[in-house]
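Below are the chains, spelled out letter by letter.
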Amino acid sequence: MNKYFKIYKIFMANSFSYEAQYRGDTWIKMFFNIIWLASMFLTVEVVFRHTSALAGWDKGEIYLMTLFWILADELAMMIFGANLPQLPDTITDGKLDIYLTKPMSALFAISTKIFLVRSLYRFIMEIIILAAVIWKFDFAFNLLYVFFSILLGLAGIFVLYSFTLMLNTLAFWLHRIDNVNVAISVLTSLGKYPVEVLPRTMRILAFTAIPIAFTAYIPVAALTGRSSWHGILYALVFAGLFFWGAVKFWNFALKRYSSASS
Amino acid sequence: MLCFLLLKFRQGRGKIHSIMYLQLTKTWLQRHLSYRARVVIWAVTDIAHIIIFPFIWLSVYGQQQIIQGYSRADIVTYYIIIGFIGLTATAHISNVIRLDIMEGALNGFLTKPLPYNIFRIFHELSYKIITAAIALVLFLIVRLSFPEYLIMPATLTTWLLFFLSLIGAFAISYTFELIIGFGAFWFGETSALNQFINLLQMVFSGTIAPLIFFPSIIQQVANLLPFKYLIYFPVEIYLNHLNAGEIIAGFTYQLIWMGALALFVFALWRRGLKSYEGVGI
């Protein structure tokens, strides 16, 4: 374990040094991020021009859900978002050999090699916006709910990681499916809306095969006191099992790797 | 766009025959079909980003029958048609062009007896043949499954006008993709530019919601930009929400934007080639 901490520290140091070379680019992307956030909030505003509640959620709660989704997405981007999307090309081009011959877990290296520093800056900015939203809508949260919400948010990151890993692992069979990451991004972005608006079949999918409910809906439901204890338990167990399943699937798929280059 | 194509056709100076274009289409089709999973994933992506909106709006409607002139069936149809447009009239070529420029693959195309842009137009059109087939199948499935939520145009004229507006929408979408792709001549990495244009498009094209649902200031800005002719204008034609004057004005603006963007793209291409370093030569 200690070895992996040391390796991760090196990965982070490399990432910070890389980022320092492209400071201008970081600021440009930060600017675009603000516009992107504005477009998210505009969507909420447009919807609430025509209603006072969406499937039982008021405007402040929908803002919370949007921000939770943004934060989860940013954390995911920071930790593995620049790494896993490279997997299909790495497999197809036979570059996986480089990772397999290293004296550490190939999955660890592939998932964490690049720490996206600019996401860290954005994450800090988004936390400030979250604080502003909590202040503006005058939320008062129960501390226990806050604890469960953070715990479930972290579980949501595990679900997101597992979902991304599983779909990228399909590249062992399908090759050249790097665009699957655009699909993942589009699908998971649906998680910033309350699942109650969806019909029953899609709601079931949101809690199982296409787990879009875990990054924002479930944590915010816990934060606003809407979750039952068995709902919280389900989310935590699902996150653990889904992660376990994704790693198993990766190990299974790895046996198919024929190495195009060597 | 049409002028741009004609210009390129003239550059071929009559040597290029229709059989050549047919062969080009067949070659690209074979290439796209050899990566079927990619095509399916793009199709899912094009549809998925709007799939939740009909449900959100149905929830907003509640007991209301009409919001801003849109009935419940109108709003569901609106998003289904956006999905249809995404599959049939939205281009995705910018990343291919960016890679051609950054990795030097453009060198190979420049030595061929056909203009590069012709190669890429047929690349995109052949891809659209596949996605249009997917769109038609999905359209029929939705129509048969939920006839009450997918309104069909009452007249043949509406269908015709809708398809004409789709051609215009595709031309504008394609020129935007060229602008992003040619950006690689100067910036190399164009993801920020791509993200920016996509954002503008999402807000001002009517993808999030019909533009009439937005505050008036956003509607006024949208009227000054070309993005509404990608989505909002064709869907409004489909839903029969426009009178004759509005349709004529819409097509006029669509043509003006097509021409202006095509000229801009042409200038970008000429200037870009001058600064192209030809990696790998």
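Residues numbered from 1 in each chain as written. Chains lettered and ligands numbered in written order. Predicted model: local features only at pLDDT ≥ 70, side-chain atom pairs only at ≥ 80, totals over all residues. Heavy atoms only, no water.

1. With respect to the overall build of chain B
Within chain B, the regular secondary structure consists of 14 helices and two strands. Over its C-alpha trace chain B gives a radius of gyration of 20 Å, about what one expects of a compact globule, namely 19 Å for 281 residues. Looking at chain B residue by residue over its 281 residues, the buried ones come to 52%. For chain B, the proportion of contacts with a sequence separation of at least 24, taken over those separated by at least 6, is 79%. Of the charged side chains in chain B, 18 are positive and 11 negative, and the gap between their average positions amounts to 13 Å. (Helix = DSSP H or I, 4+ residues; strand = E, 2+ residues; numbered from the N terminus. Rg over C-alpha atoms; globule rule 2.2 N^0.38 Å. Buried < 20%, exposed > 50% of the residue type's maximum accessible area, 1.4 Å probe, protein only. Contact = heavy atoms within 4.5 Å. Lys, Arg positive; Asp, Glu negative; His and termini not counted. Charge placed at Lys NZ, Arg CZ, Asp CG, Glu CD.)

2. Details of helix α11 (residues 191-204) of chain B
In this model, α11 of chain B (14 residues) spans 20 Å end to end at C-alpha, consistent with the 20 Å of a helix rising 1.5 Å per residue. In the core, the buried residues of α11 of chain B are packed alongside α2 (23-48) of chain A together with α9 (156-182) and α12 (216-224) of chain B. Phi turns positive one or two residues past the end of α11 of chain B, at G206 of chain B, with a value near 95°. (Expected span 1.5 Å × (residues − 1).)

3. Observations regarding a nonpolar patch on the surface
Residues W229, L233, V237, L241 and W244 of chain A make up a contiguous nonpolar surface patch of about 620 Å² in total accessible area. Turning to its location among the elements, L241 of chain A is positioned in helix α13 (residues 229-254). (Patch = residues over 30% accessible without salt bridge, like charges linked within 9 Å, V, L, I, M, F, W, Y side chains within 5 Å. Areas by Shrake-Rupley, 256 points an atom, 1.4 Å probe, with all protein chains shown as cover. Salt bridge = Lys/Arg side-chain N within 4 Å of Asp/Glu carboxyl O.)

4. Some thoughts on the interface of chain A and chain B
Chain A puts 31 residues into the contact, and the matching count from chain B is 31 residues. The largest per-residue losses of area from chain A upon contact with chain B belong to F32, H50 and N179 of chain A, which jointly make up 20% of the total buried on that side. On the surface where chain A and chain B come into contact, there are one salt bridge. Residue R38 of chain B is joined to D178 of chain A by a salt bridge in which the shortest nitrogen-to-oxygen separation is 2.5 Å. At the boundary of chain A with chain B, the tally comes to eight residue pairs in polar contact (both at pLDDT 80 or more). Elements with a contribution of two residues or more to the side of chain A that touches chain B: α2 and α10 (180-189) of chain A. Among the elements that take part in the side of chain A that touches chain B, α2 of chain A stands out by supplying ten residues, more than any other. Each residue belonging to the side of chain A that touches chain B can be placed in one class, and the counts come to 22 nonpolar, five polar and four charged. (Buried area = accessible area lost by both parts, 1.4 Å probe. Polar contact = N/O pair within 3.5 Å; in protein donor to acceptor, adjacent residues only side chain to side chain. Nonpolar A, V, L, I, M, F, W, Y, C, P; charged D, E, K, R; others polar.)

5. Let's talk about the pattern of salt bridges
Residue and element names in this part refer to chain A. The full count for this structure, using the stated rule, is nine salt bridges over all chains. Note that E61 is salt-bridged to R226, the shortest N-O span being 3.1 Å. Linking E61 in helix α3 (residues 59-81) with R226 in the loop between α12 (217-223) and α13, this pair joins segments that are 165 residues apart in sequence. When its relative accessible area of 12% is taken as the criterion, E61 is described as buried.

6. A look at unusual backbone geometry
The phi dihedral of D138 of chain A is positive, around 60°, even though this residue is not glycine. Relative to the assigned elements, D138 of chain A resides in the loop between α7 (117-136) and α8 (143-169). Of note, N240 of chain B is a non-glycine position whose phi angle comes to about 60°, a positive value. Within the secondary structure, N240 of chain B is located in the loop between α13 (232-238) and α14 (244-275).

7. Comments concerning the UniProt feature "transmembrane region" (unreviewed entry) in chain A
All names here are of chain A. Feature annotation in UniProt assigns "transmembrane region" (unreviewed entry) to the following positions: residues 30-50, 62-82, 120-137, 143-167, 204-225 and 231-254. Along residues 143-167, the helical share is 100% and the strand share 0%, with 36 Å between the first and last C-alpha atoms. Secondary structure across residues 231-254 comprises 100% helix and 0% strand; the distance between its end C-alpha atoms is 34 Å. (UniProt positions renumbered as here; feature names shortened; annotations may be inferred.)

8. Notes on the UniProt feature "transmembrane region" (unreviewed entry) in chain B
The residues that UniProt annotates with the feature "transmembrane region" (unreviewed entry) are residues 39-58, 78-97, 125-146, 158-187, 199-218 and 247-269 of chain B. As a span, residues 247-269 of chain B carries 100% helix and 0% strand, and end to end its C-alpha atoms are 32 Å apart.

9. Quick look at the packing of aromatic side chains
All chains considered together, the criterion is met by 53 aromatic pairs over all chains. Considering the side-chain rings of F214 of chain A and Y234 of chain A, the 6.4 Å spacing of their centres and the 40° angle between planes classify their relative orientation as tilted. Taken together, the positions of F214 of chain A in the loop between α11 (200-207) and α12 and Y234 of chain A in helix α13 put the pair 20 residues apart, joining distant regions of the chain. Residue classification places Y234 of chain A among the partly exposed residues on the basis of a relative accessible area of 35%. Consider the rings of F214 of chain A and F238 of chain A, whose centres lie 4.6 Å apart with planes at 20°: the pair is stacked. Here F238 of chain A lies in helix α13 and F214 of chain A lies in the loop between α11 and α12, a separation of 24 residues in the sequence. Judged on exposure class, the residue F214 of chain A and its partner F238 of chain A are both buried. One aromatic cluster in this structure is built from Y193 of chain A together with F53, W57, Y70, Y78, Y79, F213 and Y232 of chain B. When the ring centre of F137 of chain A is taken as reference, the NZ or CZ atom of K136 of chain A above it lies at 5.1 Å. The ring of W69 of chain A carries the charged tip of K192 of chain A above its face, separated from the ring centre by 4.5 Å. (Phe/Tyr/Trp six-rings, centres within 6.5 Å; stacked < 30°, edge-to-face > 60°. Lys NZ or Arg CZ within 6 Å of the ring centre and 35° of its normal.)

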